[in-house]
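Structural overview for review
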Amino acid sequence: MMSRMAESFFAVSPMLAFPLVAMVIFGAVFLAISMRTMRTPNEVIERRRALPLEEDHHG
Amino acid sequence: MRIRYDDAIVRKFIFASVAFGIVGMLVGAIAALQLAFPHANAAPYLTFGRLRPLHTNAVIFAFVGNMAFAGIYYSTQRLLKTRLASDTLSAIHFWGWQLIIVAAAITLPLGITQGKEYAELEWPIDIAIAVIWVVFAVNFFWTIAKRREKHLYVAIWFYIATILAIAMLHIVNALAVPVSITKSYSVFAGVQDALVQWWYGHNAVAFFLTTPILGIMYYYLPKAAERPVYSYRLSIIHFWSLVFIYIWAGPHHLLYTALPDWAQTLGMIFSVMLWAPSWGGMLNGLLTLRGAWDKLRTDPVLKFFAAGVTFYGMATFEGPLLSIKSVSGLAHYTDWIVAHVHGGGLGWNGFMAAGMFYWLVPRLYGTELKSRSLANFHFWIGTLGILLYVGSMWVSGITQGLMWRAENEGGGLLYASFVETLQAIVPMYWMRLVGGSLYLAGFVLMAWNLIATARQGKPVDGEVEVPVDVPVDRKTQFKLLVSPQVWLSLLGLGLVISAGFVGPAQAIVLLSLGAFVLLFSLLLFSVSKSSSEKTWHAKLERSAAPFTILTAIAVIIGGVAEILPTVVAAPEAVRATTNVPYSPLELEGRDVYVSEGCYNCHSQMIRPFVWETARYGAVSTPDESIFDRPFQWGSKRTGPDLARVGGRYNDVWHYQHMLDPRQISAGSNMPAYPHLAEQVIDFTKTPDKLRVMRSLGVPYSPEEIATSTEDAKREAERIARGLESSLGIRVCDAPAEGCDLMVDSKLVALISYLQRLGRVPDRNAAPAAAAEQVDAPTAEVEANEAAAPAEGAEAAADVDEGEVAR
């Protein structure tokens, strides 16, 4: 069943492997980033979040 | 220790942006007027086909470009707590960019163009853009390297993505082989050229009009609202998903065209996916304003930001919708797309710019905004202007889209005359002009307000107290510059660029090799451990390098996976083609078509719909544009599709139509081109053109190249004399009093090209037979088409294999 599906999928063009690989990479990176983001400690997040609000002095 | 920021450069970029914004929008308003009132095509170099590229280039690269540079330079210094790395580089960046804009403003009206949307500038200017962009990148990354703030705020990531992606997009899409200083041919042809162009075109929207402005949003919106961004975690996810997904969406500009189906489907899926990160970003922006809504009533800055982000949400909702194939079937080629881009351009880019300027200029001049009420007034007429503009273009686009496909009872076209579908939307064109003018008026008020603000204050530069100065070790700096990573990056870049100067087969090898080397050097940047010594990574600190690398990988993957397959298949397609290269005169005519910007109004791509084939003829195939450099599929049908116009009318019709379209088609808004009858082509340069084409793999034989000048002249003579005898006009070989048409005029070449469209000639036929063919009525064209593949196959078989493979 799976191999038949794969066969008909690649019958359109063997080039379809490219986007497939890219999708896998995207998925992996997305997952990794999301997990890393979620696990970043609150202090770090808060520190970065506040960065634009630090005042500089004009003149 | 106290450091002083370079805010002078920010002030410069702001006023450049305001000035060019007004010019760019004014040109847009003139172009809008021309569509409603064609007599506004006042001069040969100011016709719609030449002004429209000037408008798009001016608003994208001059207005938004300068605005983004201002916003980036101001916020980067503050977020990194350091002055910009080099005042010299900043100055080169500023003046170089303005020179490029001036060069564009001169060359585009002169018809010096590569004929690819938003990438029209010719190769010498393209090289200048690449150089100035590298200057910007060096200045920016150098500033990151000497920063005093360890953490990189999310705005900086968006700036990094902008710099990397634009460099890659610009270089690949601009690859061309020069014929002369003002003319070049794209290294890509037909389908590949279309794919590369829209990969570029779409991502110019993504990485020039979106990512820098999102970075700006993440800095200035919290500043103006005086509260931090709603969710920093969401902003991280927003960034990564946006950068990864955007790069794939390009083919949604090519749905139902001759692009392979798999690429179309891919473009559609990724476009629909794009909705999620876009709305994540919009919500993050709007929610930052929660609790500050009361300020919105009085503060023009927050008003512009809130509306700008809302328009971003609107445009990014509409975009995925338009990428659904069935919706695209209706909307593509119509004004609906024009509505879409102006929702984004006027609403998102224009309003974010206005908000940022109103916030920045008082601070940069140590004073208050001159007139708050005027700024609020600007907001309201700007909003009204956008609503009128977008509303009228929606109505216009959907009306015309529905009229094109409307069937009568017999199953034929209900509105067989194209002009009828144009007449129906002319009132909307006037309404659009009103909307656009209101918006422009608001901008002029802003300019006055900003200048008055600057006048009442005096330039002040921001300063900040930093704990200690980080000592700069000259020796390690030098070592950094000669590290293998840097050399490899340069080598990779060199390989990619050199791909532009060789044949397609070698180009593929060079391109993939270059991409590989670049990727490898980026990996080196990331993996080499360097906790003890002071190296790039120690300087760039944890996040900068990995972010840069990952971003680069994200944008490279999408491009390589989408484009490489068609590029690899190209030489084989040329070998198998049944098509025949353009004759020397047709090629010259095609260059006139490109130079006049006819593609701004005419498509050359018949989609597989019944109503479309009934109006324009058989569905377009990839083979038909295999020798087209650049491709001219077009993106907007202000006029009818021309893919199969060859043979539909005789030369006399074309001659009269080009001189005065309204005399032949009452109600047409096509510009008149009488000057083309006088302007002549120097056919002694034709062999150079054929030679470049041959170097790109087009099967011209050396004999054809050698005789191309005489060939073109002979063919022009035939067409011109034909017109002379049918019309009794005065045809001249040399300029003289009372001439109606020059033999070697651009008009004659253009007619020869138009008559070729959709037809594959039999090169071996006697000239007399060819002459008959040109004047053939419609019925014969079909017979001709049916016979064409067989004839073409013979012609292709005649060509030496070795030549084709080059």
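Reading the values: rules and limits
- Residues numbered from 1 in each chain as written.
- Chains lettered and ligands numbered in written order.
- Predicted model: local features only at pLDDT ≥ 70, side-chain atom pairs only at ≥ 80, totals over all residues.
- Heavy atoms only, no water.
- Contact = heavy atoms within 4.5 Å.
- Buried area = accessible area lost by both parts, 1.4 Å probe.
- Salt bridge = Lys/Arg side-chain N within 4 Å of Asp/Glu carboxyl O.
- Disulfide = S-S within 2.5 Å.
- Buried < 20%, exposed > 50% of the residue type's maximum accessible area, 1.4 Å probe, protein only.
- Core = buried A, V, L, I, M, F, W, Y, C linked by side-chain atoms within 4.5 Å.
- Helix = DSSP H or I, 4+ residues; strand = E, 2+ residues; numbered from the N terminus.
- pLDDT = per-residue confidence, 0-100.
- Lys, Arg positive; Asp, Glu negative; His and termini not counted.
- Polar contact = N/O pair within 3.5 Å; in protein donor to acceptor, adjacent residues only side chain to side chain.
- Pairing = 2+ DSSP bridges.

1. Comments concerning the interface of chain B and chain A
Counting residues at the interface gives 42 residues for chain B, matched by 32 residues for chain A. Taking both partners together, chain B and chain A bury about 3500 Å²; carbon and sulfur atoms supply 71% of that area. Interface area lost by chain B to chain A is led by H151(B), R233(B) and W262(B), which between them contribute 19%. On inspection of chain B and its partner chain A, the count reaches 2 salt bridges. K81(B) serves as the salt-bridge partner of E54(A), at 2.4 Å between the closest nitrogen and oxygen.

2. Observations concerning the state of the cysteines
Residues and elements named next belong to chain B. Inspection of every chain in the model, using the stated rule, returns 1 disulfide over all chains. There is a disulfide in this structure between C732 and C739, and the S-S distance comes to 1.6 Å. A torsion of -120 degrees about the S-S bond marks the disulfide between C732 and C739 as left-handed. You can call C732 buried: its relative accessible area is 5%. Taking relative accessible area as the criterion, C739 reaches 24% and is therefore assigned partly exposed. We note that C601 lacks a disulfide partner, and the nearest cysteine sulfur, in C598, lies 8.6 Å from it.

3. Structural notes on the nonpolar core
Residues and elements named next belong to chain B. Grouped together as the largest cluster of nonpolar side chains are 234 residues, with contacts concentrated most on W97, I156, W157, F207, F357 and L741. When residues in this core are grouped by element, the largest group, 17 residues, is from helix 2 (residues 48–80). Not counting chain neighbours up to four residues away, the residues in contact with W97 comprise F61, N66, F69, I92, I129, I132, W133 and F208. Within the second largest apolar cluster, 5 residues are counted, among which are L322, V327, L330 and A331.

4. Section: the confidence of the model for chain B
Residues and elements named next belong to chain B. Considering every residue of chain B, the mean pLDDT works out to 88; 88% of them sit at 70 or more. Note that residues 528–541 has pLDDT below 50 and, in this model, 27 contacts with residues that lie over four places away or in other chains. Taken together, the stretch residues 766–806 has pLDDT below 50 and engages in 50 contacts with residues farther than four places along the chain or on a different chain. For this predicted complex, the interface confidence comes out at an ipTM of 0.80, alongside a pTM of 0.87.

5. Considering the side chain of R629(B)
Residues and elements named next belong to chain B. Along the polypeptide, R629 turns up in the loop between helix 23 (610–616) and helix 24 (651–659). The buried charged residue R629 lacks any salt bridge, with D193 as its nearest oppositely charged partner at 7.6 Å. Engagement of the side chain of R629 in a polar contact is seen with the backbone oxygen of L696, the distance being 3.2 Å. Beyond its immediate sequence surroundings of up to four residues, R629 is in contact with Y185, S186, V187, F188, A189, R590, M693, L696 and V698.

6. Describing the pairing of strand 2 (residues 176–180) of chain B
Residues and elements named next belong to chain B. Relative to strand 3 (residues 183–186), strand 2 is paired through 4 bridges, and the arrangement is antiparallel. When the bridges of strand 3 are listed, S180 appears paired with K183. As consecutive antiparallel partners, strand 2 and strand 3 are separated by 2 residues.

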